[in-house]
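Tertiary structure, described
Now for the letters of each chain:
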Amino acid sequence: MSLPADPQFAAWLVVLLLTYCRTQACLLAMPGFSMRGLPVRLRVAVAMSLTPLLAEFSRPQPVPATLIVLMLLAGAEVLTGLVLGGFVRLLAMALDIAAAAIAATTSLSQLVGGANEFAPHPIGNLLHLAGLALLMAMGMPLVLCEMLRESFVLRPIGTWPEVTQLLPAALLLVQRGFVLALLLAAPFILGGYLFQILSGMVSKVMPALPVMFIAAPAAILLALLGLVLLTPSILAGWAGAVLDVMSMDLP
């Protein structure tokens, strides 16, 4: 491994490289920036543009003596970035879980639509894309920059994440994600159960009435009406929870 003769310049290059590794890994795991449709060149360009700004908050590191040491330092930064982005993604998946529950309980999962990386039904695709757009509009890129800046202050470059702290935090985020998904889908789940109970009572009272042919279109119509009315509240609650995790709750 050949580095420039100037020790300060060589140390600055090492800091830039390690900062880029953490930033790029975090972007690859973050919701929105990890979309398959996003060009790879754009992800690399965003990470490279943030690297000089975030390197100002990194502590100077001695120049590694060998290439193996540099690879170990880069691996630590990649793992730290993946942990930061992965923790945010754990809670962000609550919207996809809620969308799947909504579509299944309201008979909307049978709508014609192509499956992609978000969900196998158009309801999940719509909520996912709308949620990402809302996150960007609410200042997620700025919160991401602040999160990365604090990570370089609290965890200097070259330090490995502590497993004893990460596992409890990951379990807590998974629990919070499922609770959030249940809260987001609760109106549709409860409404679907009440509608099924009402349909059963009508079929008991009037056995000759073809309840299925009347209840199925009515359930879909009510579910679509509920989506129109409740989608802004669902997306606002989800986006607020994700931004709160990025701002305060990451270990």
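Residues numbered from 1 in each chain as written. Predicted model: local features only at pLDDT ≥ 70, side-chain atom pairs only at ≥ 80, totals over all residues. Heavy atoms only, no water.

A short note on the packing of helix α3 (residues 67-105) against helix α6 (residues 163-205)
What counts here: To obtain an axis, a line is fitted to C-alpha atoms, over the contacting stretch when the element is a helix, and the angle between two such axes runs from 0 to 180 degrees between their N-to-C directions. Only DSSP runs of H or I reaching four residues or more are called helices, and only runs of E reaching two or more are called strands; each is numbered from the N terminus. Throughout, the term roughly parallel applies to angles under 35 degrees, roughly antiparallel to angles over 145, roughly perpendicular to angles from 65 to 115, and oblique to all others. Note: crossing handedness is left-handed where the near helix turns anticlockwise from the far helix by less than a right angle, and right-handed where it turns clockwise. By the convention adopted, Pro, Cys, Tyr, Trp, Phe, Met, Ile, Leu, Val and Ala count as nonpolar, Lys, Arg, Asp and Glu as charged, and the other residues, Gly among them, as polar.
Two numbers describe how α3 lies on α6: the axes approach to 8 Å, and their chain directions differ by 20 degrees. Between α3 and α6, the interaxial angle falls into the category roughly parallel. As α3 runs across α6, the sense of the crossing is right-handed. Looking at the contact of α3 with α6 residue by residue, the classes come out as 22 nonpolar, 3 polar and 1 charged.

Section: the packing of aromatic side chains
Put simply, the rule is: The aromatic pairing rule takes the rings of Phe, Tyr and Trp, using the six-membered ring of Trp, and pairs them if the centres are within 6.5 Å, calling planes under 30 degrees apart stacked, those over 60 edge-to-face and the rest tilted. By definition here, charges over rings are those cases where NZ of Lys or CZ of Arg is within 6 Å of the ring centre and within 35 degrees of the ring normal.
One pass over the full model with this rule turns up 0 aromatic pairs. Between the NZ or CZ atom of R22 and the centre of the ring of F152, over which it lies, the distance is 4.3 Å.

Observations concerning the confidence of the model for the protein
Our working rule: Each residue carries a pLDDT score, the predictor's own confidence in it, on a scale running from 0 to 100.
On average, residues of the protein score 81 in pLDDT, and 86% of them reach the 70 mark or higher. Least confident of the elements in the protein is helix α7 (residues 211-249), whose mean pLDDT is 82; most confident is helix α5 (residues 140-154), at 88.

A word on the nonpolar core
As a reminder of what qualifies: Only buried residues count toward a nonpolar core, which is a set of Ala, Val, Leu, Ile, Met, Phe, Trp, Tyr and Cys residues joined through side-chain atoms within 4.5 Å. Exposed residues in this analysis have more than 50% of their type's maximum accessible area, buried residues have under 20%, and partly exposed residues fall in between, with area computed by a 1.4 Å probe over protein chains only.
Membership of the largest hydrophobic core comes to 57 residues, with the highest contact counts inside it found for M30, L144, M147, W238 and M246. Those elements giving two or more residues to this core turn out to be α1 (7-29), α2 (40-55), α3, α4 (122-137), α5, α6 and α7.

With respect to α3
Applicable threshold: Here the expected length of a helix is defined as 1.5 Å per residue gap, with one fewer gap than residues. At every residue, the bend is computed as the angle between two fitted axes, covering the seven residues ending there and the seven beginning there respectively.
A rise of 1.5 Å per residue sets the reference length of α3, with its 39 residues, at 57 Å; its end C-alpha atoms lie 55 Å apart and thus fit the reference within 8%. The axis of α3 is deflected most strongly, by about 30 degrees, at L90.

Here we look at the packing of α3 against α4
Basically, it comes down to this: Contact definition: two residues touch when any of their heavy atoms are within 4.5 Å.
Packing of α3 against α4 leaves a shortest axis separation of 9 Å and a crossing angle of 150 degrees. As judged from the angle between their axes, α3 and α4 are roughly antiparallel. The interaxial crossing formed by α3 with α4 has right-handed handedness. On the side of α3, the interface is formed by L95, D96, A99 and A103, while α4 contributes I123, G124, L127, H128 and G131. Considered class by class, the residues forming the contact of α3 with α4 number 5 nonpolar, 3 polar and 1 charged.

Remarks on the pattern of salt bridges
Where we set the bar: The salt bridge criterion pairs a side-chain nitrogen of Lys or Arg with a carboxyl oxygen of Asp or Glu, the two atoms within 4 Å.
Counted under the stated rule, the structure contains 2 salt bridges. The residue E77 makes a salt bridge to R22 at a minimum N-O spacing of 2.7 Å. Taken together, the residues span a long stretch of sequence, with E77 in helix α3 and R22 in helix α1 at a distance of 55 residues. For the pair E77 and R22, one class covers both residues: buried.

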